[in-house]
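Summary of structural features
Single-letter residue listing:
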Amino acid sequence: ELDIYNIPIALITKQYLEYIDILKTLNLDLAGEYLVLAATLVHIKSKLLLPETTEEGEEEGDPRQELVQQLLEYQEFKNASQSLQAREVLERDVFVRGYAPVEAPPPGDDDNQAWQEIGLFELVDAFRKILGNLGQPELMEIDLDRTSLADRINEIMDQLRERQSLTFTELLNGKLSRRLIIYTFMALLELVKQRMIRICQTGPFGVIRLFLAVAEEEGHG
Amino acid sequence: MDETKAIIEGLIFASETPLTIDKIVEIFQERNLNRQDITDHLSELMSEYGVRHGGFYLQEVAGGYQFRTRPELSAWIAKLKGVRSAALTTAALETLAIIAYRQPVVKAEVERLRGVDVSRPLRTLLERKLVRMVGRKDVPGKPMIYGTTRKFLEVFSLKDLSELPTMGELKDLTK
Amino acid sequence: MDETKAIIEGLIFASETPLTIDKIVEIFQERNLNRQDITDHLSELMSEYGVRHGGFYLQEVAGGYQFRTRPELSAWIAKLKGVRSAALTTAALETLAIIAYRQPVVKAEVERLRGVDVSRPLRTLLERKLVRMVGRKDVPGKPMIYGTTRKFLEVFSLKDLSELPTMGELKDLTK
């Protein structure tokens, strides 16, 4: 417990380092959490010890100021968390009516709400568990590019189903951002590799046309 | 209201199954409440709710006590259905997750990853319009290729698929 | 009791999640009940349960209405329910407070404010559905944005986010 506005750096640094020593013996992970703060404190201390260099002509001010600001802000959120804790917390202070456990999911009907309850975290976590069970680390490499590509692939397939064939320029539809061109090109490569589309060219430097690899009519049945 | 009576009312309300007198006796053991007192409170509560004639009442059922909505209101209560959040099957969630992250993808690949047949969850997802067929692959058997739909984006409040969290981000939360 | 009021009471009782006025309007659409009538019935019910001071009462929470047991009875209800889910750690609670006040917010900002890594508490909050991934921020690296959920409001008995004390009010607590 210190006065936030006037921090005796040496003392607090010493305390933190001792604290970390204790934590290290108990739990290395936890100690890691405090390393940043301790490093900041040591940094501030070193700044205070060094003679001031005014060559750059900039007044840096008290290096402790930044830390004071952060601690003040942090204190506000500490208060906020305490005010949350002081509320009537469900399942601690108040309870809702007891409901028998949910039986079988209702047939058909609109269950958008159930999906909304699920949320993105549950979706990605489900996928991680599946991959984890397979033990194939290379499959884990789902990144932003991969999902952006999926978007473009779906769009291209939609357009092709609607119009039977398209040219590369038609695909870009006048939008010529570099990002779009790259993703479109990558999507086409993927679609050809997956044998989902065919690409034909009328001749050297001719127009490049795309077709569905399997026409819609044959597809049915 | 008498405190003991209020506690009994709260217990019945919070209990998932009809609350038995035995259970009430057990909860009150330190207070040494006798069965007759409990029965008296229960009859009082039952008659209060009867007189009040509100949306629900206290009923003795299956050897215990439980609040139930008044039978005459059943038509109105039935209109609520859908509010109850339906439990999703793990199969449906896993199948959707694989399609979302591996699209465009054929059924055989989804099955390889899940290790089991996915016909049923896949049909469910198609019916709910979260998944659709994007096209067919020009290989023997001309298998169907699946991807997610616009409704999938809406349900998960995504602008586009690039907003899906990545494995890296998830790993970042696990460290 | 007035029939409409009884139906509303029954609906709130039967709903597993706080029942919104919109939903009540929707259920009553054939009767053309206006919002004012519904609000009047709801205030009457709330004050009736308040006066009665029984085992539970009607509360406005998370944008809807829900019956909940009286806080003073928590020790007794806990005896009935047995072991409850573990309370949130200080780290999780602080992380939650930052997300609640700064939302939509990226992880890096939460970490700047707490001064430490928040992976673990953030994951706990996601698993408990108190926090959700909202989308991506349109800045380099497209970091994931986090926000609180409806369940957050339910768990902390908040009508809506505006019911949280303002930062100014919290600052006064520090002095």
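In this report, we go over the structure that sits alongside the text. (Residues numbered from 1 in each chain as written. Chains lettered and ligands numbered in written order. Predicted model: local features only at pLDDT ≥ 70, side-chain atom pairs only at ≥ 80, totals over all residues. Heavy atoms only, no water.)

Moving on, we come to the overall build of chain B. Looking only at helices and strands, one finds nine helices and five strands in chain B. Along chain B, helices (α) and strands (β) appear in the sequence α-α-α-β-β-α-α-β-α-α-β-β-α-α when read from the amino end. The C-alpha atoms of chain B give a radius of gyration of 27 Å, which is well past the 16 Å a tight globule of 175 residues would have. When its C-alpha atoms are laid out on the principal axes, chain B stretches across 80 × 45 × 30 Å. Burial status across chain B gives 50% buried among its 175 residues. Surface accessibility of chain B: about 8000 Å² in total, with carbon and sulfur atoms responsible for 50%. (Helix = DSSP H or I, 4+ residues; strand = E, 2+ residues; numbered from the N terminus. Rg over C-alpha atoms; globule rule 2.2 N^0.38 Å. Buried < 20%, exposed > 50% of the residue type's maximum accessible area, 1.4 Å probe, protein only. Areas by Shrake-Rupley, 256 points an atom, 1.4 Å probe, with all protein chains shown as cover.)

This part takes up the sheet that holds strand β3 (residues 208-212) of chain A. Residue and element names in this part refer to chain A. If you walk across this open sheet you meet the three strands as β1-β3-β2, and the pairing is antiparallel. Looking at strand neighbours, the two that pair on one side only are β1 (165-167) and β2 (197-201), the edges of this open sheet. When strand polarity is set aside, the average angle formed by the axes of neighbouring strands in this sheet is 25°. (Pairing = 2+ DSSP bridges. Axes fitted to C-alpha atoms, helices over the stretch in contact; angles between N-to-C directions.)

With 55 residues of chain C at the contact, the number on the chain A side is 39 residues. Both faces considered, chain C and chain A share a buried interface measuring about 4300 Å² in area, 57% of it formed by carbon and sulfur atoms. In this assembly, chain C and chain A are joined by six salt bridges. In this structure, R87 of chain A and E163 of chain C form a salt bridge, with 3.6 Å as the shortest nitrogen-oxygen distance. The interface formed by chain C and chain A holds 13 residue pairs in polar contact (both at pLDDT 80 or more) in total. Top element by residues in the side of chain C that touches chain A is helix α5 (residues 90-102) of chain C. It accounts for eight residues. For the side of chain C that touches chain A, the per-class residue count stands at 25 nonpolar, ten polar and 20 charged. (Contact = heavy atoms within 4.5 Å. Buried area = accessible area lost by both parts, 1.4 Å probe. Salt bridge = Lys/Arg side-chain N within 4 Å of Asp/Glu carboxyl O. Polar contact = N/O pair within 3.5 Å; in protein donor to acceptor, adjacent residues only side chain to side chain. Nonpolar A, V, L, I, M, F, W, Y, C, P; charged D, E, K, R; others polar.)

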